[in-house]
Amino acid sequence: MISSIWSFFLEYGKLATQKSNCRPFQSLMFLIRDWSYPWEHEYGSEGGEKFLENNVFSEKKHPQFAKVRDHIHSFFEEMRCYLMPHPGLTVACSADFKGGIQDINSDFQQHICELVKLILSPQNLKIKKINGEVITCKEFITYFQSYTKLYNGDDLPNATTVLEATVQASSMSTVNRCVQLYNEKMDTFCDRHDSYVGPTAFEELHAEFLNDALSYYDSSKKLGQEDSVSSYRTELEEKINTKYEEYKTKNEARKALCNTRTPIVLATALVVTYILSALFNMLWLYPISNIFTYCCLFSLLGILTWCWVQFTGGHSYVGEVLDNVTKSIWEDILLCICQQVFTKINFLPTRAEVPLQ
């Protein structure tokens, strides 16, 4: 069984190195149990390293395994060895052993603690990589799901099937990262410009972010043949185009809001400033009246500009400026006034609450 598993890893490594220049595996640890020659190599990792150098990777020993040694060096980024002592005769031979720690050899207890720290301590944990690319926790689950389907049977799958699953999971992870990049850029732009964007400008924005996502995909390390890489690139374009339609729908909904809010705010400003200008003019406060007159003219100019942008369909950036200005007036002035008015109305006593004299 062990030889078949080892042969499987070697075969997978050969196939993976044919499709990529990166080493397919990160770490390999040989754990040798019941080590009975501590006078040759001491227990633990230091003795294990010496054991590897003198007995496994030495070119003077086992020349028939030279290719195997070369493959191991080329497949794994790091190799370690740990020599474990025997847990004790009570553990191995006694029928009354129930797992009590006091029955386990003290040397074994000491080195099992060191081994756990060696494997799981934060400074020894490595960021997982596939094909030289760091994978996220979400992508890690994707790989697990792909491999679980393969290993559900009683027999080991062949190395080619596992490599195909790795190629598929790696390609899908790259596609998802590119789609996420597109979404982040679109969300950032839409949050920064909380107003309607004209069709031409929105199309140019989509084309720019799509090109960024495709460039990221082309520059990423990929497994698989050219036809597989091309098919996943096509799938990426389809997914981004689907996302584009979603953002386009949101933009059209924002258009309806802006088409309602902007003219209402400008018309309200026009009427209010005209009334205030006439009122202060009647009171002979001409400087203040002139200020509101200019505000009235600016409001009228804003209405005419908004109508021009809407009917021509061009110069969308002018419409965005108007939308942002009216949005600020709406949120910072009109809504605050309405809130204050309704608050005072709520505090006014009703007729039933007025005490009788």
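Values in this document were obtained by computation on a predicted structure and should not be read as measured data. (Residues numbered from 1 in each chain as written. Predicted model: local features only at pLDDT ≥ 70, side-chain atom pairs only at ≥ 80, totals over all residues. Heavy atoms only, no water.)

Enquirer: Hey, could you go over a nonpolar patch on the surface for me, with residue numbers and the actual values?
Expert: On the surface, a cluster of nonpolar side chains totalling about 430 Å² of accessible area is made up of Ile112, Val116, Ile119, Leu120 and Leu125. Structurally, the position occupied by isoleucine 112 is in helix H5 (residues 106–120). (Patch = residues over 30% accessible without salt bridge, like charges linked within 9 Å, V, L, I, M, F, W, Y side chains within 5 Å. Areas by Shrake-Rupley, 256 points an atom, 1.4 Å probe, with all protein chains shown as cover. Salt bridge = Lys/Arg side-chain N within 4 Å of Asp/Glu carboxyl O. Helix = DSSP H or I, 4+ residues; strand = E, 2+ residues; numbered from the N terminus.)

Enquirer: Help me get a handle on empty space enclosed by the protein, residues and values and all.
Expert: Under the criterion given, the structure shown has one cavity of 30 Å³ or more. Each pocket or cavity is described by its volume, and for the largest cavity that value is around 40 Å³. Taken together, Ile130, Glu133, Ile135, Glu139, Tyr143, Ser170, Ser173, Thr174, Arg177 and Lys221 form the lining of the largest cavity. Mapped onto the lining of the largest cavity, the elements with two or more residues apiece are helix H6 (137–150) and helix H7 (159–192). Grouping the amino acids of the lining of the largest cavity by side-chain chemistry returns three nonpolar, three polar and four charged. (1 Å grid on protein atoms, 1.4 Å probe; cavity = no way out; pocket = protein on both sides within 12 Å on 5 of 7 lines; lining within 4 Å. Points joined across faces, edges and corners; volume = space filled by probe spheres on them. Nonpolar A, V, L, I, M, F, W, Y, C, P; charged D, E, K, R; others polar.)

Enquirer: Break down unusual backbone geometry for me, with residues and values.
Expert: Not every positive phi belongs to a glycine, and aspartate 34 is a case in point at roughly 55 degrees. Within the element layout of this structure, aspartate 34 appears in the loop between strand E1 (25–32) and helix H2 (45–56). By relative accessible area, aspartate 34 is classed as partly exposed at 25%. (Buried < 20%, exposed > 50% of the residue type's maximum accessible area, 1.4 Å probe, protein only.)

Enquirer: Please set out H5 residue by residue, giving values where relevant.
Expert: Over its 15 residues, H5 extends 21 Å from the first C-alpha to the last, a length consistent with the 21 Å expected when each residue adds 1.5 Å. Within the sequence span of H5, burial applies to His111, Leu115 and Leu118. Around the axis of H5, the buried residues are gathered within 60 degrees of arc, so they sit on the same side. Turned more than 90 degrees off the buried face of H5, the exposed positions are Ser106, Lys117 and Leu120. Near the N-terminus of H5, the side chain that reaches the backbone nitrogen of aspartate 107, with its oxygen 2.8 Å away, is that of asparagine 105. (Expected span 1.5 Å × (residues − 1). Arc of directions from axis to C-beta. Polar contact = N/O pair within 3.5 Å; in protein donor to acceptor, adjacent residues only side chain to side chain.)

Enquirer: So, the packing of aromatic side chains: which residues are in play, and what are the values?
Expert: The tally for this structure, following the rule as stated, stands at six aromatic pairs. Each ring, one from tyrosine 182 and one from tyrosine 247, has its centre 6.3 Å from the other, and the planes form 75 degrees; the classification is edge-to-face. One end of the pair, tyrosine 182, is in helix H7; the other, tyrosine 247, is in helix H9 (residues 226–282), and 65 residues separate them in sequence. Exposure class is identical for tyrosine 182 and tyrosine 247. Each is buried. An aromatic cluster of at least three residues, connected via ring pairs, comprises Trp35, Tyr37, Trp39 and Phe51. (Phe/Tyr/Trp six-rings, centres within 6.5 Å; stacked < 30°, edge-to-face > 60°.)

Enquirer: Residues and numbers for the environment of glycine 13, please.
Expert: Along the chain, glycine 13 turns up in helix H1 (residues 2–19). Exposure remark for glycine 13: the relative accessible area of 0% places this residue in the buried category. Aside from chain neighbours lying at most four places away, what touches glycine 13 is Pro24, Phe25 and Phe75. (Contact = heavy atoms within 4.5 Å.)

Enquirer: Describe the environment of lysine 243, and please don't skip the residues or the numbers.
Expert: As for its placement among the helices and strands, lysine 243 is situated in helix H9. In this structure lysine 243 comes out as partly exposed when scored by relative accessible area, which is 27%. Separated by 57 residues in sequence, lysine 243 and methionine 186 have C-alpha atoms that sit 9.7 Å apart. In this structure, lysine 243 is in contact with Val179, Tyr182 and Asn183, ignoring residues within four places of it in sequence.

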